[in-house]
Amino acid sequence: MIKKLFIFFLFYMLNLFSNPCFAQEKTLTQKQISALAKEANELFKAGKYEQSLLKTRFVLRQAIAINDDYLIACCYKIIASNVDELNQFEKALFYYKKSLVYANKTNNDAIKNKLNNNLANIYCFDKKQFKTGIDYYKKSIEYGKRVKDTGGIVFTTLNMTWAYFENNRFDEGFPYLTFVNTYHKKYGDESTVIVLICLMQCITTT
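First, a word on scope: everything that follows refers to the structure included in this document. Since we're looking at a predicted model, the values are computed, not measured.

Parameters and conventions
- Residues numbered from 1 in each chain as written.
- Predicted model: local features only at pLDDT ≥ 70, side-chain atom pairs only at ≥ 80, totals over all residues.
- Heavy atoms only, no water.
- Helix = DSSP H or I, 4+ residues; strand = E, 2+ residues; numbered from the N terminus.
- Contact = heavy atoms within 4.5 Å.
- Expected span 1.5 Å × (residues − 1).
- Buried < 20%, exposed > 50% of the residue type's maximum accessible area, 1.4 Å probe, protein only.

**Things to note about the overall build of the protein**
Part 1 of the reasoning: The number of helices and strands found in the protein is 10 helices and 0 strands.
Part 2 of the reasoning: Element order for the protein, N to C, with α for helix and β for strand: α-α-α-α-α-α-α-α-α-α.
Part 3 of the reasoning: Long-range pairs, those at least 24 residues apart, make up 58% of the contacts in the protein with a sequence separation of at least 6.

Dropping the structure here:
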């Protein structure tokens with residue numbers, strides 16, 4: 001309960017301090033802000049969600065101060081990733097979509113690729129809105145092709161295959177499974193192998 005209250009407080013502060021007029025503080029350079037955003041993301045990856053959110057609060061203010069759409073998008077993505085891990089899916093959707101709004105103002109297709117994949121995961125596996133999720137997966141793959149991120153495409157395609165199979169739409173999902181089988185040895189890892197084995201078992205038992 002204490003942890004939930006703390007997270008609620010962080011969200012309140014995030015909203016409050018996202019207003020660039022709130023605090024008079026020295027504005028950092030784009031390079032400095034980018035470095036801090038990476039630190040916040042590393043804290044997230046390390047499972048230090050509270051620290052990640054607190055650092056992101058500061059970084060977001062700075063990104064807004066210099067009107068950098070990409071860095072703003074990065075901040076909202078980090079926030080979304082944190083709350084996603086805390087199983088607060090509605091809030092994660094809100095912040096992923098907010099991130100996407102700013103990402104779409106940029107020419108950075110790599111972040112658009114990741115955001116669409118993350119949105120697809122929530123819609124397909126948490127909200128059980130299959131069609132909406134698949135649409136986001138397909139957008140993610142389009143952006144992945146633009147930046148020639150074959151590894152990212154493989155992971156997104158694997159997620160999409162899983163979504164098809166979970167909804168018993170094996171005929172539609174099988175071509176995507178074939179694609180993943182072709183490329184996973186080069187771009188996959190142990191986790192993709194495990195998922196592939198599960199998906200292949202689904203095929204053989206149907």
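**Looking at unusual backbone geometry**
The general pattern is negative phi for most residues beyond glycine and trans for most peptide bonds.
Part 1 of the reasoning: Even without being a glycine, Asn87 presents a positive backbone phi close to 60°.
Part 2 of the reasoning: Note that Asn87 resides in the loop between α4 (69–85) and α5 (89–103).
Part 3 of the reasoning: Positive phi outside glycine occurs at Lys128, with the angle close to 60°.
Part 4 of the reasoning: Within the secondary structure layout, Lys128 lies in the loop between α6 (109–126) and α7 (130–146).

**With respect to α7**
Part 1 of the reasoning: Relative to the 24 Å expected for 17 residues at 1.5 Å per residue, α7 spans 25 Å between its end C-alpha atoms, a close match to the ideal helical length.
Part 2 of the reasoning: Where α7 is concerned, the buried positions are Phe130, Gly133, Ile134, Tyr136, Tyr137, Ser140, Ile141, Tyr143 and Gly144.
Part 3 of the reasoning: Where α7 is buried, its residues touch α5, α6 and α8 (150–166).
Part 4 of the reasoning: Lys148 sits one or two positions beyond α7 and adopts a positive phi of about 55°.

**Focus on the side chain of Thr156**
Part 1 of the reasoning: Positionally, Thr156 belongs in helix α8.
Part 2 of the reasoning: According to the relative accessible area criterion, Thr156 is buried, its value standing at 3%.
Part 3 of the reasoning: Apart from the residues lying within four places of it in its own chain, the contact partners of Thr156 are Asn113, Asn117, Tyr137, Ser140 and Ile141.

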